[in-house]
Structures are given as C-alpha cells and as structure tokens.
Amino acid sequence: MTSAIRVILDFQLRHALRSRWLLFYSTVLLILTALLFWFGGTAEHVVISLLNIVLLLVPLIALLYGVLGISQAREFLELMLAQPMQRYELFWGTFIGMTLPLTLAVPISIGIPWLMLIHQQWGLYATLAFGSALLTLVGAGFGMAFALWWEERLRAVGLSFALWFTLAVLYDALVLLMGVVLHNYPVEHALLGLMFLNPIDLVRVATLLQLDTAALLGYTGALLQKFAGSTIGILLTATALLLWTLLPIILALRSFVRKDF
Amino acid sequence: MIEFRNLTKRFGKNTVLRGISLALSPGSSVAILGPNASGKTTLLKCLLGLTRPDEGTILVNGVPITDSPLYRHRIGYMPQHPHFPENLQVAEVIELVKRVRAIAAPIEAPYIERFRLETELKKPIRALSGGTRQKLSAVLAFMVEADIFVLDEPTAGLDPLALRVLKDEIQQRRARGCTILMTTHTLGDVPELCDEVLFLLEGKIAFRETVAELFASTNSRHFDEAILLRLQQR
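Residues numbered from 1 in each chain as written. Chains lettered and ligands numbered in written order. Predicted model: local features only at pLDDT ≥ 70, side-chain atom pairs only at ≥ 80, totals over all residues.

**Q** It is not clear to me how the overall build of chain A should be interpreted in this structure. Could you clarify?
**A** Tallying secondary structure elements over chain A gives 11 helices and 0 strands in all. Secondary structure elements of chain A, listed N to C terminal, follow the sequence α-α-α-α-α-α-α-α-α-α-α. At 19 Å, chain A has a C-alpha radius of gyration in line with the 18 Å of a compact globule built from 261 residues. Dimensions along the principal axes, computed over C-alpha positions, put chain A at roughly 60 × 45 × 35 Å. By residue count, 44% of the 261 residues in chain A fall in the buried class. Taking contacts inside chain A between residues at least 6 apart in sequence as the whole, the part at least 24 apart equals 80%. (Helix = DSSP H or I, 4+ residues; strand = E, 2+ residues; numbered from the N terminus. Rg over C-alpha atoms; globule rule 2.2 N^0.38 Å. Buried ≥ 20, exposed ≤ 12 C-beta atoms within 10 Å, placed from the backbone. Contact = placed C-beta atoms within 7 Å.)

**Q** Honestly, the overall build of chain B in this entry has me stumped. Any pointers?
**A** Counting secondary structure elements, chain B contains 8 helices and 10 strands. Taken over the C-alpha trace, chain B has a radius of gyration of 18 Å; the compact-globule value for 234 residues is 17 Å, and the two agree within 12%. In terms of its C-alpha atoms, chain B occupies a principal-axis envelope of roughly 55 × 40 × 35 Å. Going through the 234 residues of chain B one by one, you find that 43% of them count as buried. The contacts of chain B with a sequence gap of at least 6 include a subset with a gap of at least 24, amounting to 68%.

**Q** Just checking my understanding: could you explain the interface of chain A and chain B for this structure?
**A** With 20 residues of chain A at the contact, the number on the chain B side is 26 residues. Put simply, the parts of the chain that give the side of chain A that touches chain B at least two residues each are α1 (3-17) and α4 (74-81) of chain A. Here the side of chain A that touches chain B is built from residues that sort into 11 nonpolar, 4 polar and 5 charged. (Nonpolar A, V, L, I, M, F, W, Y, C, P; charged D, E, K, R; others polar.)

**Q** What should I look at first to understand the confidence of the model for chain B in this one?
**A** When pLDDT is low, close inspection of the predicted coordinates is not appropriate. When pLDDT is averaged across chain B, the result is 94; 100% of the residues are at 70 or more. Two summary scores accompany this predicted model of the complex, namely pTM at 0.90 and ipTM at 0.91. (pLDDT = per-residue confidence, 0-100.)

**Q** Looking at this structure, I do not really get the environment of B:T210. What am I missing?
**A** Here B:T210 shows up in strand β10 (residues 204-210). Spatially, the C-alpha atoms of B:T210 and B:G76 are 23 Å apart, while their sequence positions differ by 134 residues.

**Q** Please explain the packing of α1(A) against helix α5 (residues 87-118) of chain A as it appears in this structure.
**A** Between two packed helices, the angle of one axis relative to the other and the distance separating the axes together describe the packing. Residues and elements named next belong to chain A. The interhelical angle for the contact between α1 and α5, taken along N-to-C directions, is 30°, at an axis separation of 8 Å. With respect to their mutual orientation, α1 and α5 come out roughly parallel. Crossing handedness for the pair α1 and α5: right-handed. Of the residues in α5, those touching α1 at A4, I5, I8, L9, Q12, L13, A16 and L17 are E89, L90, W92, G93, T94, I96, G97, M98, L100 and P101. By residue class, the composition of the contact of α1 with α5 is 13 nonpolar, 4 polar and 1 charged. (Axes fitted to C-alpha atoms, helices over the stretch in contact; angles between N-to-C directions. Parallel < 35°, antiparallel > 145°, perpendicular 65-115°, else oblique. Left-handed = near helix turned anticlockwise from the far one by under 90°.)

**Q** Looking at this model, I keep getting lost on the sheet that holds β10(B). Mind explaining?
**A** Strand pairing in a sheet relies on backbone hydrogen bonds. The paired strands run either parallel or antiparallel. Residues and elements named next belong to chain B. One open sheet accounts for 6 strands, arranged β6-β7-β8-β3-β9-β10; its pairing is mixed. Since the sheet does not close on itself, it has two edges, and those belong to β6 (75-78) and β10, each with one partner. Direction aside, neighbouring strands of the sheet carry axes that sit 15° apart on average. Direction of pairing for strand β3 (residues 29-33) relative to strand β9 (residues 196-201): parallel, over a ladder of 4 bridges. Each bridged residue has a counterpart across the sheet, and for L33 the counterpart in β9 is F199. (Pairing = 2+ DSSP bridges.)

**Q** So what exactly am I meant to see when it comes to the pairing of β10(B) here?
**A** Two faces belong to every sheet, and in a regular strand the side chains alternate between them. Residue and element names in this part refer to chain B. Pairing analysis gives 6 bridges linking β9 to β10, with the strands arranged antiparallel. Looking at β10, one finds that F199 is bridged to F207. Counting the residues in the hairpin turn of β9 and β10 gives 2 residues, including E202, whose phi is positive at 50°.

**Q** What's the story with unusual backbone geometry in this structure? I'm lost.
**A** What you tend to see is this: most non-glycine residues have negative phi, and most peptide bonds are trans. The residue B:N61 is not glycine, and still its phi comes out positive at about 55°. By secondary structure assignment, the location of B:N61 is in the loop between β4 (55-60) and β5 (63-64).

**Q** Where do I start with the pairing of strand β2 (residues 14-24) of chain B in this structure?
**A** All names here are of chain B. With 7 bridges joining them, strand β1 (residues 2-11) and β2 adopt antiparallel strand pairing. Bridging across to β2, E3 finds its partner in A23. What sits between the antiparallel neighbours β1 and β2 is a turn of 2 residues, in which G12 has the positive phi angle 65°.

**Q** Looking at this model, I keep getting lost on the packing of α5(A) against helix α6 (residues 122-149) of chain A. Mind explaining?
**A** Residue and element names in this part refer to chain A. At a minimum axis distance of 9 Å, the contact between α5 and α6 shows a crossing angle of 155°. For the element pair α5 / α6, the angle class is roughly antiparallel. Both α5 and α6 take part in a crossing whose hand is right-handed. Listed contacts from α6 to F95, M98, T99, L102, T103, V106, P107, I110, G111 and W114 of α5 are Y125, L128, A129, S132, A133, T136, L137, A140 and M144. When its residues are assigned to classes, the contact of α5 with α6 shows 14 nonpolar, 5 polar and no charged.

**Q** Any chance you could explain the sheet that holds β2(B) here in plain terms?
**A** Strand order across the open sheet formed by 4 strands is β2-β1-β4-β5 (chain B), with antiparallel pairing between neighbours. The open sheet terminates on both sides in strands that have one partner only, identified here as β2 and β5 of chain B.

**Q** Looking at this structure, I do not really get helix α9 (residues 199-211) of chain A. What am I missing?
**A** Working note: α-helix, 3.6 residues per turn, so residues spaced by three or four point in the same direction. Residues and elements named next belong to chain A. For α9, spanning 13 residues, the distance from its first C-alpha to its last is 19 Å, which sits close to the expected 18 Å at 1.5 Å a residue. Among the 13 residues in α9, 11 count as buried, and that is most of the element. Every buried residue belonging to α9 is among P199, I200, D201, L202, V203, R204, V205, A206, T207, L208 and L209, and all of these are buried. (Expected span 1.5 Å × (residues − 1).)

Dropping the structure here:
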C-alpha cells in the first residue's frame, strides 16, 4: 500500500466512522438482532429471520451508500486529484475507507448480541457475517461504479434500485415461474446456472445449507443443496461469490481511472 | 513554462475545446474569461489532469503532464465549488492535503491567521458557511510551495475582508514570479490581479492581450466595457 493510499484511507475512515447515518444503521441492526435473540430462541431461528433482513437490506443500503459516497464527494475528489498522486491511489484509499466501516457494521452489530446472548454456533455466525460483508462490497462497488458512470445522482440511485429489485425480488419470481412453467422439462441445471448470476441467492443458499433446513430453502436453494454438498459445488459457489465481489470493484476502478472529472 | 498544444476536448457530441494552442511563460498572470460553457473550467481541469483531452498535449516545463502526477507539487488549486468531507474538521482537511504532499512543517499557520480561520479549526466542515469553505480552499491553495496557481472563480462567496486578503496573496505570488491562471465572472477584479486576458468563445481563443493593450486598443477606461468593445472589433 502506497503512502498516498494510507493517507486517504486514514481520513476516509475518520469521515465514515463519524457518520451519524452509519451509527444509526449499526444500532438498528444491533437492537433488531438482540430483540430476535431475546424473543426468537435458538440461533437457527434467529439466523433465518436475520438472513431475510440481511439479504434485503444490506445490498440496498450498500448500493445507496456507494452512490451517495461518490456523488457527494465529487468536488472533493477533484481537489484530491489535483494533488500529486496517482488516480488508482485515490480510488483505493477512498474505496477501502468508505466501505470498510459499512462492511464491518453488520458482523459487529450481529456479533455483539450473539456473543452476549447465545455465544455458540460460531460457524453459523461466520457464514452470515461473511455473506453480509460480501454483499456490502458488491453493493458498494456497484453503487460507486454507477455514480462514476452518471454524474446525475438521481439516475445512479434509480439504477441502484433497479439492480436491487432485480436481484432481491424479481429474480426469485423469475426462477419460481420457470420452475412452474417448465416443470415437465429438465431445467434443474439451467436453474443452478441461474443461481450463479445472483450474489444474494448465493449468500442465502450458503447460509441456509449450514442450517440443514431444506424445508426452509426456496426453490432454487433446494436444487443447490443437492449440488452444493459436493466439493465442486462448494468451490463453484466460493468462486462465483469472489467474482461477484471483484466485478463491481474492477468496474468502479476502471471508471475512476478513466473518468473526466 | 506551460504549453497547451492543439488541445481539443469533446463531451459526447459537444466540443468544448477546439484546438487550443497557448504558451504561458513563468510569471504570467492570466485571466481566462468567456461566457458560460466557453471552456474555461475545462481548460484548467485539463492542466490539472482532471480531464483528459481527446487531442493535443499539455507540457509543464517541457514535460507532458501525462508522464507523472508529480508536476502537481508545483500547483496550488482553488476549485470553483469547494467541497470537503462533512465529518472532518477544518484542521484535518488541512492536515490531509499536507500529508498527501508530504509536508511536515506548520506552513498553514500564517494563512489560517490571515483568513481568520483560527476559531474554525476544530469545527466539522458541515458547520461551515459557504464563505468559510472558500477561505479554507484558499488556505489549501496558497499554503503549498507552488509556483503555478490555478484559481477557478476564487473570489466567489468571500466577504470583503477575506477578498482583500485573497487579492493580496495573489499579488504577492505575482511579485514572486509565480504563474497565475484564473477564471472569474467579476471583471472588475481582473486589472488588479492579472496582466493578461485570454478570452474563450465556443472553445476557441477569441483574443489574448495584455490588460494594457486591451485598454489602449478600445480607448476605454472600464474593463467590462473594454472587453465588450474588443469583442465587437473581432
């Protein structure tokens, strides 16, 4: 890490960690998790409830955070680009400084009540925490890329909502529809392939497989459970999640380095 | 020496700069004037490396600026719309710029005093008025050991006292032989702060003259009138 990246990272972290909005987001998640443990009982029950919240909320918040983080800082980025440093240095300092606090917010907010109230089944916690961290990176990366592509904030926010709606809502409906309409055809492999096109679904399945509760899995999840028991299934899932994490970051970096400010 | 060679910049179908060629010798103080969307800010952003020209090159002391970002050590920049991270304090923003430039000495102290920012240092940026942000922007630009100053509407939003301080800073830099490139819509400031006028119109240089030549050629005593008359002479 170059010294310019370290400097930018340091100040971006200070800025992000003082954000009232981040504090609010973390506190809400912490209270919600504590209440679920308080009233919900076992870790497995709580994880299922939390998972739905995490899968819907985390990508959306991360997308908006990425868009607003860049669009609100545009003039400041211009000032920094007029300093003697490379563009990639400013990008990495800004990206890590912006996303690190948000990425850690969910694991910490869930982790504190987990530690205090049940302090067991840490493998399940690790999967949920890791999944939420990946979804944060994916969302923030796409949000930043959208804000770099379009200076008009409304357009970037609109596209973020469209992507979130497609991955979090529309996708499930589409897969379910395919399963119902084409139930007489051997569409299992096609549906498995579709799953790799959605990071939210991958995190959902990876987490639910730890619970061994096939009945609670969605249609696509049930299919993957058969497949993901194998080593190749685990490897493919991990690779797909890694690619999903890298893709938006690469897009944002590429756009940042080439952009006319 | 700053050289713009055949600089062309397009944004989509809109050509903002059309083959601008220009050489500025050290110690020049140039007001870049022109109507809105004439290419003033784009020209400055090209020099800073914020915007990449589609054609042409820019050289600072004979070296293309695309070779390395280190030439920006020599540039102090005041952007048109100063904006800083809202949760950082004024002192932290100053520290950030110093650390990026690897400056350890307390070079900012006299500028903080001159622009009367002592009481604002611990305040978060979100608590500052537009004028105070502009003062901070001036401190950031002038505290660095630069010999080129790129000032995009530097007087906008400043109170009369801060405006006087800013003008004095610019005058001092001119006296030291620094190069000043400045855009402004306040034409009355130009004769006091600049020796030359570069007038851009639709991305081209309409004229480039010294302030003295401009007054002489138009036989006018008022700068805004001189500009209008000079444009009519074209």
